[in-house]
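Breakdown of the fold
Spelled out, the chains give:
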Amino acid sequence: AQAASLRSSNEKDVLVNQLEGQQQLLGTVGRAALMQAISKIGGARAQRALTAYLNQTEEPSQRRWAILALSRMPGKTATETVVRYTRLTTPSAGIRLSAISALANCPFDAEVHQALDEMVRDEERTLSERREAIKVLDQIHLKRVDQGGDASELRQRILRLESDSATMTDLDAELKRAGQRVRQRDPG
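Reference entry: report on the structure contained in this document. The residue count restarts for each chain, going from 1 along the sequence in the order it is written. Restriction of local features to residues with pLDDT of at least 70 applies here, the model being predicted, together with a cutoff of 80 or more for giving and counting side-chain atom pairs; totals for whole chains, interfaces and linings are based on all residues. Calculation of side-chain values draws on the structure's entire complement of heavy atoms; hydrogens and water are dropped beforehand.

Our focus in this paragraph is the overall build of the chain. Scanning the chain from N- to C-terminus turns up 11 helices and 0 strands. N-terminal to C-terminal, the α/β element order of the chain is α-α-α-α-α-α-α-α-α-α-α. Along the three orthogonal principal directions, the C-alpha set of the chain runs to about 60 × 35 × 20 Å. Within the chain, the fraction of its 188 residues that count as buried is 44%. We call two residues in contact whenever any of their non-hydrogen atoms come within 4.5 Å of each other. If you take every contact in the chain between residues at least 6 apart in sequence, the share linking residues at least 24 apart comes to 60%. Here the chain holds 28 positive side-chain charges and 25 negative ones, and the gap between their average locations is 4 Å. The numbering of helices and of strands both runs from the N terminus, where a helix is a DSSP run of H or I of at least 4 residues and a strand a run of E of at least 2. Exposure classes here rest on a 1.4 Å probe applied to the protein chains alone. A residue is buried below 20% of its type maximum, exposed above 50%, and partly exposed in between. Think of it this way: Lys and Arg go in the positive column, Asp and Glu in the negative one, and His and the chain ends go nowhere. To locate a charge, take atom NZ for lysine, CZ for arginine, CG for aspartate or CD for glutamate.

Have a look at this one:
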């Protein structure tokens, strides 16, 4: 799987299809181990396979693992799946919290930032989910600044949340700390 991760997208997809089609292998190593190998291969087909696995498994630890694995994949399908799991009301709060945390690994994406912004503002969410969303916004900003990328949109989003914190008294301290860290890293 690790060697295959260096191959072209088409070769990765062919290999994932072959692995999924081998019932004897599935019976020998089990579905979880097969999905771990597929996640290391990567590619569009691997994203679809992991998404299907995530949607089918009932095991919370495997759901958390699949969400984390998807968040580390560069494709749009993977990011959309992680964002979708932050918004579902049916999985446990722990699964949603894991999905929120995993957004820190997702590629730099306006959809991710918008979802995190909405979570912070959503009073229907648990306080821990809203706090985790602030933490993840801060982590993404730090990563973006460290990589030398344009963090201006994210900076504005965090500072806008900080200025709105008067209406979110239970998050006021966290938002002020995040705003201070943003200004220190990126005085812009």
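From this point, the narrative continues.
What follows concerns the nonpolar core. Here the nonpolar core consists of buried residues drawn from Ala, Val, Leu, Ile, Met, Phe, Trp, Tyr and Cys, with membership extended through side-chain atoms lying within 4.5 Å. Residues Ile38, Ile67, Leu103, Leu116 and Val120 are the most contacted members of the largest nonpolar core, which totals 47 residues. In this structure, Leu103 is in contact with Val82, Val83, Thr86, Val112, Leu116, Met119, Val136 and Ile140, ignoring residues within four places of it in sequence.

Take the side chain of Thr86 next. Looking at the secondary structure, you find Thr86 in helix α6 (residues 76-87). Side-chain atoms alone can form a polar contact between residues adjacent in sequence; in general such a contact is a pair of N or O atoms within 3.5 Å, and within protein one must be able to donate a hydrogen while the other accepts it. Engagement of the side chain of Thr86 in a polar contact is seen with the backbone oxygen of Val83, the distance being 2.5 Å. Sequence-distant contacts of Thr86, that is, excluding residues within four places in its chain, are made with Arg96, Ala99, Ile100, Leu103, Met119 and Arg125.

A few words now on the packing of helix α8 (residues 110-121) against helix α10 (residues 152-163). Angle between the axes and distance between the axes: these two values describe a pair of packed helices. An axis is simply a line fitted to the C-alpha atoms; with a helix, the fit covers only the stretch in contact. Between two such axes, the angle follows the N-to-C directions and lies from 0 to 180 degrees. At their nearest, the axes of α8 and α10 sit 11 Å apart, and the two run at 5° to each other. Put simply, α8 runs roughly parallel to α10. For the pair α8 and α10, contact is made by Ala110, His113, Gln114, Asp117, Val120 and Arg121 and by Glu153, Leu154, Arg157, Arg160 and Leu161, respectively. When residues are sorted by character, Ala, Val, Leu, Ile, Met, Phe, Trp, Tyr, Cys and Pro go into the nonpolar class, Asp, Glu, Lys and Arg into the charged class, and all the rest, Gly among them, into the polar class. Considering only residue class, the contact of α8 with α10 consists of 4 nonpolar, 2 polar and 5 charged. Roughly parallel means an angle under 35 degrees; roughly antiparallel, over 145; roughly perpendicular, 65 to 115; everything else is oblique.

You can see Thr57 is positioned in the loop between α4 (44-56) and α5 (60-71). Judged by its relative accessible area of 12%, Thr57 is buried. Distance in space between the C-alpha atoms of Thr57 and Thr81 is 15 Å, their sequence separation being 24 residues. Contact partners of Thr57, with chain neighbours within four places excluded, come to Gln62 and Arg63. Side-chain polar atoms of Thr57 contact the backbone nitrogen of Glu59, separated by 3.3 Å.

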